[in-house]
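Architecture at a glance
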Amino acid sequence: MDQMKNFTKGFFKDNPVFVMLLGMCPTLATTSSAINGLGMGIATTFVLTMANIVISLIKNLVPDKVRIPIFIVVVASFVTIVDLVMAGYAPALHAQLGIFIPLIVVNCIVLGRAEAFASRNNVFSSMIDGLGMGLGFAMALTLLGSVREMLGNYSLFGHKFIQTDGILVFILSPGAFIALGFLIALINKVTKKV
Amino acid sequence: MEYIIMIISAVLVSNIVLANFLGICPFLGVSGKITTASGMAGAVLFVMAVASIVTWMIQQYILTPFGLGFLQTIAFILVIAALVQVVEIILKKVSPPLYQALGVFLPLITTNCAILGVALLITQKEYNLIEGTIYAIGNALGFALALIIFAGIREHLELMEVPKGMRGMPIALVVAGILSLAFMGFANLV
């Protein structure tokens, strides 16, 4: 398969958030600012890439009937690594993201890619697929985080560009749903020309 | 009294779906019709209560005494996955009508982040067994309330003239946002 296409499909054509609508919990919960969205995106990218590599390595050793529990254990191990590393080196971000770090385990994107791609393809393609999908997810989260931060706090990555309070609702929970709804509508408009 | 406040707070004030963003996938996925939504809500209530009790015991009697706190994520997810399977088998034998109603939703529950999320929150908040169970039931009721209200709105939404680009998921998300805004009105209730 053309590796370049394999890599870029996660950004636009099969973007996990905007097109496939997977992994909605972290998407909505961790995007109150651009930096939180980016942090969550990078953590998920790491888990997705490593899990894809390991699963494609062990795919022939795993009996078909118990593959899902085994995949979950592999994913959970990498999530634990991310959790501990983040707690050690980025405690502020770790506190912000809270229980959504351990909840990467039940992010449907990770198990979805393991089942749909890594269990059928070789190690290199699986790695590229995981990296592309993860970065696509990170891009979507950063975009949504930027929009919410710009509207809700008039700032981007912590740099304030208008010195007043923003439209607070966009940082609170309702703003997450509304901002994502309009972003998906906009992307539908651009890509499908409705 | 304390327990009643706990339930009200979990259902209305910090609703698990609309304020804490747990269980969004089933919230958006199975909210097309009220009947399927109530089936899912029932299954979640059942599994969440049982899973919270079991994971609480595992944390208290296995992970903490042996200093295995770092295995929490792996242990909890495995227990929940196994538990869902066991519940499915038992329900099939013991109560076929209940299995008929909840059966199709059970496999979906393993990847419902609300279950693992509530189990993790209970350990984080250091509740005892009774508080933990009440908290889990309150959150499951909150999930049920949000899911059923949302399903009711979506049934009506199908008859509306929605602009083409907003049809389907975008309008559903905006409606969920407005619903979440309404629930913010309960903010100072407790």
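For the structure, see preceding data.
The paragraphs below set out a description of the structure included in this document. Because the structure is a prediction, the values reported are computed rather than measured. (Residues numbered from 1 in each chain as written. Chains lettered and ligands numbered in written order. Predicted model: local features only at pLDDT ≥ 70, side-chain atom pairs only at ≥ 80, totals over all residues. Heavy atoms only, no water.)

How large an interface is tends to be reported as the accessible area lost when its parts come together. In this assembly, 34 residues from chain B lie in contact with 35 residues from chain A. In total, about 2,900 Å² of surface goes out of reach between chain B and chain A, with carbon and sulfur atoms giving 87% of it. Taken as a group, F21, T73 and L173 of chain B account for 20% of the area that chain B buries against chain A, more than any other trio of residues on that side. Applying the counting criterion to the chain B and chain A interface returns zero salt bridges. Along the contact surface separating chain B from chain A lie one residue pair in polar contact (both at pLDDT 80 or more). Secondary-structure elements contributing two or more residues to the side of chain B that touches chain A are α2 (24–29), α4 (72–94), α7 (113–124) and α9 (169–183) of chain B. Here the element with the most residues in the side of chain B that touches chain A is α9 of chain B; it accounts for eight residues. When the residues that make up the side of chain B that touches chain A are grouped by side-chain class, the tally is 24 nonpolar, ten polar and no charged. (Contact = heavy atoms within 4.5 Å. Buried area = accessible area lost by both parts, 1.4 Å probe. Salt bridge = Lys/Arg side-chain N within 4 Å of Asp/Glu carboxyl O. Polar contact = N/O pair within 3.5 Å; in protein donor to acceptor, adjacent residues only side chain to side chain. Helix = DSSP H or I, 4+ residues; strand = E, 2+ residues; numbered from the N terminus. Nonpolar A, V, L, I, M, F, W, Y, C, P; charged D, E, K, R; others polar.)

In this section: unusual backbone geometry. Residue and element names in this part refer to chain A. Positive phi outside glycine occurs at L21, with the angle close to 55°. Assignment of secondary structure puts L21 in the loop between α1 (3–8) and α2 (24–29). The class for L21 is partly exposed, based on a relative accessible area of 27%. (Buried < 20%, exposed > 50% of the residue type's maximum accessible area, 1.4 Å probe, protein only.)

On to the pattern of salt bridges, then. Residues and elements named next belong to chain A. Taken as a whole, this structure holds five salt bridges over all chains when the rule is applied. With a closest N to O distance of 2.6 Å, D129 and K9 form a salt bridge. Of this pair, D129 sits in helix α7 (residues 123–153) while K9 is found in the loop between α1 and α2, placing the two residues 120 residues apart along the sequence. Residues D129 and K9 agree in their burial class; the two are buried. A salt bridge links R67 to E115, with the nearest nitrogen and oxygen atoms 2.6 Å apart. Of the two residues, R67 is situated in helix α4 (residues 67–89) and E115 in helix α6 (residues 108–118); the sequence distance between them amounts to 48 residues. Assessed through its relative accessible area of 21%, E115 is described here as partly exposed. Bridged by salt links that share partners, the residues K9, R113 and D129 form one connected network.

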